[in-house]
Amino acid sequence: MELFSFLHYWVTITAIYSIFALSLNFQYGHGGLVNFGQVFFFCFGAYTVAISANIGVNPTVSIVLAMGVSGFVGYLMSYTARNMGGTYWGIATLSVGEIVRLVFLNEDWLAGGANGISFDVKIPYFATLTVILTVISFGFTKMVMHSPFGRVLKTIREGDDLPLSLGKDVFNFKKKTMVIGGILGGLAGALFAYQKQFINPEDFFPIETFIVWAMVVVGGRGNDMGTLFGAIIVQIFYVGTRFAKDFLPLGGDTLAALRMVVIGLLIVLIMMYRSKGLIPGKRRIYKVE
Amino acid sequence: MYLMMPQLVLNSLITSAELAIVGLGLTMCFDILKFANFAHTELAVMGAYLGFLFNVQLNWSLPLSFLLAAVLTGLFGMLTDRVVFKRMREIGDVIPMITSLGLSIAMRNGVRAIWGSDIRVYNVELSAGTRLLGAYITPSQIWLLSIVFVAMIGFHLLLKRTKLGKAMRATSDNRALAEASSIDTEKVVLFVWFIGAAFAGLGGCMIGWDTQLDPMMGFMIVIPVFCAVLLGGIGNVYGVMLGALILGFVQNFGIFFDFGGIINLGGALQIVDRLMIPVDYKPAIPFVILVIILLFRPSGIMGKQKGK
């Protein structure tokens, strides 16, 4: 029975993080936007659910609301990407993520501040629901990437010059990319809140962003299948090492630290030897007659 | 507020000194290697804990411990370049940046795995502060300010008076041209890593001495250090000193400043009563400044036009 409840937990958390990783992959892998503040979508999604559940909004509506709020945050954030590229934007998003966390930490009236906020609304068949939503998100990104929009996005990833020369409004595309990434990130955050039933600002440290980055770079940037694979690997490892303390003579804190050392080194090694990830995105070749 | 003025100035100077000595290496690496090294402040943590190893665990004297810690951190910086970043010279700025992020996670948690998450202090006697121009200053703070000051002067002389400094400036200015003038730029890069990492390690020791050792401290200063670097303009070593100074003062004075005065146009209007930044938001000040600089003036206020 214990094994079953563990598997149940693992499937749920992996599905949630898969959606989160798909949201980052959509921005970075497909759109080339280096977002180091991805956690703020997660954060807004989770807090929207927690706050709305506390005032008695029904779960479906609150999840849609969470997606809407995060999508809107993505829309606002996209304005910072207007005249900022690569590295600079990465640093800026990291700061914004921390600012968001500090606001939720210090504004007690909003969502309990450091004490966090809990609610008691359970969704039936939650694990199944998360898996279904993962599949839907996967299908959705696949569909978007096969549309004309997706094809332009791929050229934007390689630099602004080519799409500009074809008369594409690059900023507008980035804006839409941020909104879609925000909606998916908000969905992941919303499910995270329903899974935990309690959230506080400690759930949204920048390390969450970096774990999702590990998933995307391990799997292969620009490849949604690879991203799911990366999410599964990192989660197996992340959850699995909790059992390591049963047969290793190490304290819990040391083990938690070692786990993060391995995740960090994993990012470094993948970037050194396989910067396209374990399953690199396929380049589609169009035959010209 | 006027009574606290000397103390605030002193606190600002100390914050600035810490940011400047850590930021110096970051701005040089950023300039020459063209990527944002998120692992740079972790070098400060490493230096601080190496100092702890020598000073507390091996019971060596404080100056010797700090010196050894700085040198070893410098060597470690060179090692990371040789092993990790050297192969990434020609593939743009995003991949080395993500790599440095992974490295920073590994280093921070490596320190945590070895020395634990508990707060540590160096083996020094706590001494009462002396009163100086209306502010209380501890001996460690006097040392901190003087050491950072000497390090900055030393670095300035190195940059302006030695052949190596000239090679460094040439490499930063135009790498291809420097190579054409038979400067071994790879050697310069290695030296930049050494001195940048050693300064960061020394800075970590200073922060640890002034306050305490915490594996998370590298993460806590990463954004302020980036902020100082970007304020001064990337690659501008004097800019980072100025940026650190500005940030140090804004951070310490910012929470005492009444913005109501500005909104009321100096008393002409009576829109708001008092408007001050809550103390809880003190850590957010560098974040906000950073986002504002990046949005409006990414080349920094000293304006070495390099931009995107």
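A. Local environment of the overall build of chain B. Across its full length, chain B holds 12 helices and 2 strands. Its C-alpha atoms give chain B a radius of gyration of 20 Å, within 12% of the compact-globule value 19 Å for 308 residues. A principal-axis box enclosing the C-alpha atoms of chain B has dimensions of 65 × 50 × 35 Å. Within chain B, counting contacts between residues at least 6 apart in sequence, those at least 24 apart form 74% of the total. Total accessible area on chain B is roughly 13,800 Å²; 68% of this is exposed by carbon and sulfur atoms. Here chain B contributes 22 positive and 17 negative side-chain charges, whose respective centroids are spaced 9 Å apart.

B. View of the packing of helix α12 (residues 252-273) of chain A against helix α4 (residues 94-115) of chain B. Direction vectors running N to C along α12(A) and α4(B) enclose 160 degrees, while the axes themselves pass 7 Å from each other. The angle between α12(A) and α4(B) places the two elements in the roughly antiparallel class. Crossing geometry of α12(A) relative to α4(B) is assigned as left-handed. Counting all contacts with α12(A), which are made through A:Asp253, A:Thr254, A:Ala256, A:Ala257, A:Leu258, A:Met260, A:Val261, A:Gly264, A:Leu265, A:Ile267, A:Val268 and A:Met271, the residues of α4(B) involved are B:Ile95, B:Ile98, B:Thr99, B:Gly102, B:Leu103, B:Ile105, B:Ala106, B:Asn109, B:Gly110, B:Arg112 and B:Ala113. Looking at side-chain class alone, the contact of α12(A) with α4(B) contains 15 nonpolar, 6 polar and 2 charged residues.

C. Layout of the interface of chain A and chain B. Contacts between chain A and chain B engage 39 residues on the former and 43 residues on the latter. Here chain A and chain B share an interface that buries about 3,700 Å² over both sides, 77% of which is from carbon and sulfur atoms. Taken together, the links from chain A to chain B amount to 1 salt bridge. Linking B:Arg112 and A:Asp253 is a salt bridge whose minimum nitrogen-to-oxygen distance equals 3.1 Å.

D. Spotlight on the nonpolar core. Counting residues in each nonpolar core, the largest one holds 165 residues, and the members touching the most others are B:Phe38 and B:Phe155. In terms of residues, this core owes the most to one element, helix α1 (residues 5-33) of chain B, which gives 14 residues. Apart from residues no more than four positions distant in its own chain, B:Phe38 is found in contact with A:Phe36, A:Ile91, A:Leu94, B:Met97, B:Ser100, B:Leu101, B:Ser104, B:Val222 and B:Phe226. With 10 residues, the next largest nonpolar core counts A:Phe26, A:Val144, A:Phe149 and A:Val152 among its residues.

E. Spatial organisation of helix α12 (residues 284-296) of chain B. When the terminal C-alpha atoms of α12(B) are compared, their 18 Å separation across 13 residues agrees well with the 18 Å that a helix rising 1.5 Å per residue should span. Those residues of α12(B) that sit buried are B:Ala284, B:Ile285, B:Pro286, B:Phe287, B:Leu290, B:Val291, B:Ile293 and B:Leu294. Contact partners of the buried residues in α12(B): α4 (86-106) of chain A together with α9 (217-232) and α10 (237-254) of chain B.

F. Spotlight on the environment of A:Phe140. Position of A:Phe140 among the secondary structure elements: in helix α6 (residues 126-146). Here the alpha-carbon distance between A:Phe140 and A:Ser52, two residues 88 residues apart in the chain, equals 26 Å.

G. Highlighting unusual backbone geometry. Residues and elements named next belong to chain B. If you check the backbone angles, Lys34 has positive phi at about 60 degrees while not being a glycine. Along the chain, Lys34 turns up in the loop between α1 and α2 (40-57). Since its relative accessible area comes to 48%, Lys34 is described here as partly exposed. The backbone of Asn59 shows a phi angle near 60 degrees, a positive value even though the residue is not glycine. Of note, Asn59 is situated in the loop between α2 and α3 (62-85).

H. Layout of a positive patch on the surface. On the surface, B:Lys160, B:Lys163, B:Lys166 and B:Arg169 cluster together to form a positively charged patch. The element that contributes the greatest number of residues to the positive patch is helix α6 (residues 163-173) of chain B, accounting for 3 residues.

I. Structural view of α2(B). Residues and elements named next belong to chain B. Taking 1.5 Å of rise per residue, the 18 residues of α2 would be expected to cover 26 Å, and the 25 Å separating its terminal C-alpha atoms lies within 8% of that figure. Counting buried positions along α2 gives 15 out of 18 residues, so the element sits mostly inside the fold. Just downstream of α2, Asn59 is the residue with a positive phi angle, here 60 degrees.

J. Looking closely at a nonpolar patch on the surface. Among the surface-exposed residues, A:Phe72, A:Tyr75, A:Leu76 and A:Tyr79 lie close enough to one another that they form a single nonpolar patch of about 390 Å² accessible area. In this structure A:Tyr75 comes out as partly exposed when scored by relative accessible area, which is 33%.

K. Molecular detail of the packing of aromatic side chains. A full pass over the atoms with the stated rule returns 30 aromatic pairs over all chains. The interplanar angle of 45 degrees and the centroid separation of 5.7 Å between the aromatic rings of A:Tyr47 and A:Phe204 together place this pair among those described as tilted. Taken together, the residues A:Tyr47 in helix α2 (residues 39-54) and A:Phe204 in the loop between β2 (198-199) and α10 (206-219) connect sequence positions 157 residues apart. Residue A:Tyr47 shares its accessibility class with A:Phe204, and that shared class is buried. Their ring planes at 15 degrees and their centres at 5.7 Å tell us that B:Phe85 and B:Trp193 sit as a pair that is stacked.

What counts and what doesn't
Residues numbered from 1 in each chain as written. Chains lettered and ligands numbered in written order. Predicted model: local features only at pLDDT ≥ 70, side-chain atom pairs only at ≥ 80, totals over all residues. Heavy atoms only, no water. Helix = DSSP H or I, 4+ residues; strand = E, 2+ residues; numbered from the N terminus. Rg over C-alpha atoms; globule rule 2.2 N^0.38 Å. Contact = heavy atoms within 4.5 Å. Areas by Shrake-Rupley, 256 points an atom, 1.4 Å probe, with all protein chains shown as cover. Lys, Arg positive; Asp, Glu negative; His and termini not counted. Charge placed at Lys NZ, Arg CZ, Asp CG, Glu CD. Axes fitted to C-alpha atoms, helices over the stretch in contact; angles between N-to-C directions. Parallel < 35°, antiparallel > 145°, perpendicular 65-115°, else oblique. Left-handed = near helix turned anticlockwise from the far one by under 90°. Nonpolar A, V, L, I, M, F, W, Y, C, P; charged D, E, K, R; others polar. Buried area = accessible area lost by both parts, 1.4 Å probe. Salt bridge = Lys/Arg side-chain N within 4 Å of Asp/Glu carboxyl O. Core = buried A, V, L, I, M, F, W, Y, C linked by side-chain atoms within 4.5 Å. Buried < 20%, exposed > 50% of the residue type's maximum accessible area, 1.4 Å probe, protein only. Expected span 1.5 Å × (residues − 1). Patch = residues over 30% accessible without salt bridge, like charges linked within 9 Å, V, L, I, M, F, W, Y side chains within 5 Å. Phe/Tyr/Trp six-rings, centres within 6.5 Å; stacked < 30°, edge-to-face > 60°.

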